[in-house]
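Given next are the chains, with one letter for each unit.
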Amino acid sequence: MDIDALGDKRLFIGYMRDNKTKTYETYRKVAMNLKDECAFYIGFGNASAQMHPPENDIIAFRPDRTRSVDADETFLGNGENFDELLVWIQAKCVPLVREITFENAEELTEEGLPFLIFFHDPTDIESVKKYNQLVSGQLMDEKHNINFLTADGLKFAHPLHHLGKSAKDLPLLAIDSFRHMYLFSDMSQFEESGKVKKFIQDLQSGKLHREFHYGPDEPEEVPHTEEAPQLHDSGHPTSPPESTFKKLGPSPNRYTLLKDEL
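As the structure is a computational prediction, the values presented were derived from the model and not from experiment.

Among the secondary structure elements, Lys197 is positioned in helix α6 (residues 195–205). Discounting residues that sit within four places of it in the chain, Lys197 has contacts with Gln138, Leu139, Asp141 and Glu142.

It is worth spelling out the confidence of the model for the protein at this point. Mean pLDDT over the protein works out to 82, with 76% of the residues at or above the 70 mark. Here helix α8 (residues 254–261) stands out as the least confident element of the protein, with mean pLDDT 46; strand β6 (residues 115–120) is the most confident, with 98. Confidence drops under a pLDDT of 50 for residues 224–238, and excluding neighbours within four residues, the segment shows 20 contacts in the predicted structure. Considering only residues more than four positions removed or in separate chains, one finds that residues 254–262, a stretch of pLDDT under 50, has 19 contacts.

Let us now look at the nonpolar core. Among the nonpolar cores identified, the biggest contains 21 residues, and Leu116, Tyr131, Phe148, Ile175 and Val196 are the most heavily contacted of them. When residues of this core are traced back to their parent elements, those giving at least two are β6, α4 (125–138), β8 (172–176), α6 and α7 (207–214). In contact with Ile175, other than residues within four places in its own chain, are Phe115, Leu116, Ile146, His180, Met181, Tyr182, Phe199, Ile200, Leu203 and Leu208.

Take the sheet that holds β8 next. Read across the open sheet, the five strands follow the order β5-β7-β6-β8-β9; overall the sheet is mixed. The sheet terminates laterally at β5 (97–99) and β9 (181–183), the two strands that pair on one side only. Taking each pair of neighbouring strands and ignoring which way they run, the sheet shows an average axis angle of 30°. Relative to strand β7 (residues 147–152), β6 runs parallel, the two being bridged by six bridges. Across the sheet, Phe115 pairs through a bridge with Asn147, a residue of β7. Together, β6, β7, β8 and β9 form the strand contacts of α6, whose direction differs from that of β8 by roughly 20°.

Parameters and conventions
Residues numbered from 1 in each chain as written. Predicted model: local features only at pLDDT ≥ 70, side-chain atom pairs only at ≥ 80, totals over all residues. Heavy atoms only, no water. Helix = DSSP H or I, 4+ residues; strand = E, 2+ residues; numbered from the N terminus. Contact = heavy atoms within 4.5 Å. pLDDT = per-residue confidence, 0-100. Core = buried A, V, L, I, M, F, W, Y, C linked by side-chain atoms within 4.5 Å. Buried < 20%, exposed > 50% of the residue type's maximum accessible area, 1.4 Å probe, protein only. Pairing = 2+ DSSP bridges. Axes fitted to C-alpha atoms, helices over the stretch in contact; angles between N-to-C directions.

And the structure:
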């Protein structure tokens with residue numbers, strides 16, 4: 001198999017002397033435990049001889065080339081220690097930024113964390129890489145507070161419609177708190193240091209929800225754009241759009257909602 005052709009997959013590759021070593025047995029056990037989450041490959045003899053020292057086996061991780069900005073990495077621990085190898089592979093197995101689809105949406109919703117969703121044109125791979133770089137470079141300390149996701153903006157046109165947007169506005173960044181959806185106001189500032197982090201912090205502090213209902217805390221810092229919430233006669237902004245992705249959570253009507261709503 002041509003592993004280089006699997007550019008969109010996260011791979012673990014074992015370069016082994018043969019199938020009788022303790023490292024091979026440990027790698028095989030870890031692979032059996034995680035076979036539904038990751039892709040595992042192995043090479044023996046002449047097929048992998050140039051990839052490892054004569055008396056040592058090597059286990060390497062290769063991220064998906066199409067979306068990730070991560071580098072290849074070699075396991076430097078004890079390959080004969082099951083627990084040590086399992087922890088390392090598990091950490092690499094689930095990417096920091098995941099793609100939400102109709103198939104995995106319920107599982108992601110069940111994790112209970114708000115979504116930071118990067119909606120993009122499916123042909124726009126470069127913007128996805130920039131989002132990955134932003135998350136790994138600026139938002140690592142938020143990974144236990146929010147799920148970093150990408151979404152095909154053509155397939156998920158319904159949430160965009162709720163935000164008053166369409167495919168021509170892609171890429172877009174939004175938070176879904178499972179109560180409301182909040183749009184990142186200015187994508188030209190998307191890569192500026194601290195901008196998206198503050199967006200997340202404003203969700204956590206309640207500022208996003210408060211400002212949508214009662215107006216901005218600091219009017220001079222809020223840009224006036226076409227996407228700004230419309231005011232009622234009372235002078236208070238309307239509520240933000242309701243969460244769309246909460247409809248993908250566990251429900252006996254889930255598949256009907258996927259078809260009818262999204």
